[in-house]
Amino acid sequence: FKYSHSKANYQSLQQMFWRASHLADPHAVKRVLEIHPYHIDTLLHLSEVCRVSEDTQTASDLMNRALFCLEKAFHPSFNVTSLSCRMDYNRTENRALFVAIFRQVLFVSMKSCWQTGFELTKLLFNLSPEQDPMACLLFIDTLALKVEDYNFVLKFVDEFDHSKKLSMLPNFAFSIALANFYKEIVEKESHQKSDKLLQSAVLKYPMIASLICEKCSHVIESNALFVMNERVTKEHTRSLTQQCKLYVERASDLWKDPEVIVWFKRNVDFVNNEHMTMKGYENSISSRKSVFSEPSAECNEAHLHVGHLRSFCAAAHHSLRHFTRSP
């Protein structure tokens, strides 16, 4: 499916918006909205201006208006709940829908409406799972865990791990372990599997473990983890480092549950003491180097709309695109 702008009216309106936006004057863009109160790109632009100005209520209202306009233009056969509906982000006219849904995820997440954010993220990912232009893979797992949909994480990994290499993403490495941990509690099983998964995640990405300890004020028995982290950090690309920070920024609350804290500290202490002799230690270093390479192209403009996480999300999305592209 694709959006089409009418040549007579909407394309001339787009040119008016572009001229106003290039002036870097919000008032010029606002004048466009006063004349055309339902122009989508103007609504998105002013919504972002209001969000940066911390007027979140107005920003949210403008975003809702943009989504209303986009929905009213849907083709009768376009069903967002269908798994077969696709849109090409590379088509300029389609991008507004991707950006609007993505920003709406941010707005509802700010209000702790995790279920709404999770459903919107699934919708967004389903529009273009091959491209994933908004990098949903960087946060869909976190939202699933926040709504306690642990089976979704495990099924999602089973379906996409081969094509997307999800287990090599820092966020999924830890989310898979956490999802298995809660599943074992529900099914009253031992934590043997989740222990191994968490130890493997810590071994691959000790930076995340150390950031979780710092963010959640967890006290561990030794500082071997931080010594190991210092070594591994030197071998990280900038994009991988930012992915790790991005995950902890979004998911730190998941690691504050009392049962999780005990489980986390026990396995971190194990890796502290045994990491030099653990199977896969050297392989984890080489795999990071081969999978996460510093991107040579400029950052995908779309992912700059990550809002308050914009400072480090750009490079993270580049790394994601690097290793999820088809061979």
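Basis of the calculations
All residue numbers refer to position in the chain's written sequence, counted from 1. Confidence filtering applies because this is a predicted model: local features only for residues at pLDDT of at least 70, side-chain atom pairs given and counted only at 80 or more, and all residues used for totals across whole chains, interfaces and linings. Calculated side-chain values reflect all of the structure's heavy atoms, with hydrogen atoms and water omitted. Starting at the N terminus, helices and strands are each numbered in turn, a helix being any DSSP run of H or I of at least four residues and a strand any DSSP run of E of at least two. Throughout this description, buried means an accessible area under 20% of the type-specific maximum (1.4 Å probe, protein chains only), exposed means over 50%, and partly exposed covers the range between. Per-residue and other accessible areas were derived by the Shrake-Rupley procedure at a 1.4 Å probe size, with only the shown protein chains allowed to occlude residues. A helix is expected to span 1.5 Å for every residue after the first. Polar contact is the term for a pair of N or O atoms within 3.5 Å; when the atoms are in protein, one must be able to donate a hydrogen and the other to accept it, and sequence-neighboring residues count only if both atoms are side-chain atoms. Axis definition: a line fitted to C-alpha atoms, limited for helices to the stretch in contact. Angles are taken between N-to-C directions and run from 0 to 180 degrees. An angle counts as roughly parallel when it lies under 35 degrees, as roughly antiparallel when it exceeds 145, as roughly perpendicular when it falls between 65 and 115, and as oblique in every other case. By definition, any crossing whose near helix is turned counterclockwise from its far helix by less than a right angle is left-handed, and any crossing with a clockwise turn is right-handed. Note on contacts: a residue pair is in contact if any heavy atoms of the two residues lie within 4.5 Å. Side-chain classes follow a simple rule in which Ala, Val, Leu, Ile, Met, Phe, Trp, Tyr, Cys and Pro form the nonpolar group, Asp, Glu, Lys and Arg form the charged group, and the remainder, Gly included, forms the polar group.

Caption draft 1: Spotlight on the overall build of the protein. Of regular secondary structure, the protein possesses 16 helices and zero strands. Sorting the 327 residues of the protein into buried and exposed places 53% on the buried side. Counting only carbon and sulfur atoms, one obtains 52% of the accessible surface of the protein, whose full area is about 16300 Å².

Caption draft 2: Region of interest: helix 14 (residues 258–274). Taking 1.5 Å of rise per residue, 17 residues should cover 24 Å, and helix 14 covers 24 Å from first to last C-alpha, within 8% of that figure. Within helix 14, burial applies to Val-260, Trp-263, Phe-264, Asn-267, Val-268, Asp-269, Val-271 and Asn-272. Where helix 14 begins, the capping side chain belongs to Asp-257, and its oxygen is found 3.0 Å from the backbone nitrogen of Glu-259.

Caption draft 3: Structural view of helix 5 (residues 95–110). Taking 1.5 Å of rise per residue, 16 residues should cover 22 Å, and helix 5 covers 23 Å from first to last C-alpha, within 8% of that figure. Of the residues one or two after helix 5, Ser-112 is the one with positive phi, at around 60°.

Caption draft 4: Looking closely at unusual backbone geometry. Unlike most non-glycine residues, Asp-132 shows phi in positive territory, near 45°. Among the secondary structure elements, Asp-132 is positioned in the loop between helix 6 (114–127) and helix 7 (140–146). Judged by relative accessible area, Asp-132 falls into the buried class, the value being 4%. The phi angle at Glu-148 is positive, at roughly 65°, despite the residue not being glycine. Checked against the element boundaries, Glu-148 lands in the loop between helix 7 and helix 8 (150–164). The class for Glu-148 is exposed, based on a relative accessible area of 56%.

Caption draft 5: The arrangement of the packing of helix 5 against helix 6 in detail. Running from amino to carboxyl end, helix 5 crosses helix 6 at an angle of 160°, the nearest separation of the two axes being 8 Å. Looking at the two axes, helix 5 sits roughly antiparallel to helix 6. As for how helix 5 packs across helix 6, the hand of that crossing is left-handed. Contacts between helix 5 and helix 6 pair Leu-97, Phe-98, Ile-101, Phe-102, Gln-104, Val-105, Val-108 and Ser-109 from the former with Trp-114, Thr-116, Gly-117, Leu-120, Thr-121, Leu-123, Leu-124 and Leu-127 from the latter. Residue classes in the contact of helix 5 with helix 6 are distributed as 11 nonpolar, five polar and no charged.

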